[in-house]
Amino acid sequence: MDKRKEANLRVKSSITQTVLRLLDKKSISEITVSEIIREAGVARASFYRNYATKESVITTLIGDILEDYRKNMESDGDAFYTYENVHMSFVYFERYKKQFLDLHRFGFGSILLEMLNQFHEEVAGTMLHKSIERYKLYIYMGSLYNTALVWLQSGKKESVEEITDIFYENCVLRGEK
């Protein structure tokens, strides 16, 4: 990777970490761009080169994680219903535990869930607006999101494999009956 791209990744990471740290103290509406750039140690131009708004820092973070997931999943539109991708979903929830729980705690859970829904609609391909498949997708995503949330909040008492088995048996296989 060239040095400019590496430097820009460091800038984005610094901005993202700063926003998450500031959200620990106050709401997004109370945070200013000036405060973000000062605490992140970056120029205002660097902020606006990467983000349109302070809220877009959050949506970019979520989008980056989802794009990384997309690169690693099976390519078939039904792929997210496979055991392997359910497992990979829990691996990603575990890997990004802090970000996931922080976003939920800071009131961005609905944005995260909506972006997960949109992501899975894109992966599934074209669906009719009233398609039963669309309802199945939303049931799946809501269940996955809530299961991951409770699992992470309770300290991951079950291993990734155990939570995958529980979810797969109760939410995927049961849905095929």
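A. Geometry of the nonpolar core. Counting 53 residues, the largest nonpolar core has Ile15, Leu23, Phe90 and Phe100 as the members making the most contacts within it. The set of elements that each furnish at least two residues to this core consists of helix 1 (3-23), helix 2 (33-40), helix 4 (55-72), helix 5 (83-95), helix 6 (97-105), helix 7 (109-124), helix 8 (132-153) and helix 9 (160-173). Element by element, the count of residues in this core is highest for helix 8, at 9 residues. Setting aside residues up to four positions removed in sequence, Phe100 forms contacts with Phe93, Leu112, Tyr145, Ala148, Leu149 and Leu152.

B. Geometry of the pattern of salt bridges. Tallied over the entire structure, the rule returns 10 salt bridges. The shortest N-O distance in the salt bridge between Asp64 and Lys12 comes to 4.0 Å. In this pair, Asp64 sits in helix 4 while Lys12 sits in helix 1, placing the two residues 52 residues apart along the sequence. One connected set of salt bridges, linked through shared partners, spans Asp24, Lys98, Asp102 and Arg105.

C. Local environment of the packing of helix 5 against helix 8. The interhelical angle for the contact between helix 5 and helix 8, taken along N-to-C directions, is 45°, at an axis separation of 10 Å. Viewed along their axes, helix 5 and helix 8 adopt a mutual orientation that is oblique. Helix 8 is crossed by helix 5, and the crossing has right-handed handedness. Counting all contacts with helix 5, which are made through Val86, Ser89, Phe90, Phe93 and Glu94, the residues of helix 8 involved are Tyr140, Leu144, Thr147, Ala148, Trp151 and Leu152. Tallied by class, residues from the contact of helix 5 with helix 8 come to 8 nonpolar, 2 polar and 1 charged.

The rules behind these values
- Residues numbered from 1 in each chain as written.
- Predicted model: local features only at pLDDT ≥ 70, side-chain atom pairs only at ≥ 80, totals over all residues.
- Heavy atoms only, no water.
- Core = buried A, V, L, I, M, F, W, Y, C linked by side-chain atoms within 4.5 Å.
- Buried < 20%, exposed > 50% of the residue type's maximum accessible area, 1.4 Å probe, protein only.
- Helix = DSSP H or I, 4+ residues; strand = E, 2+ residues; numbered from the N terminus.
- Contact = heavy atoms within 4.5 Å.
- Salt bridge = Lys/Arg side-chain N within 4 Å of Asp/Glu carboxyl O.
- Axes fitted to C-alpha atoms, helices over the stretch in contact; angles between N-to-C directions.
- Parallel < 35°, antiparallel > 145°, perpendicular 65-115°, else oblique.
- Left-handed = near helix turned anticlockwise from the far one by under 90°.
- Nonpolar A, V, L, I, M, F, W, Y, C, P; charged D, E, K, R; others polar.

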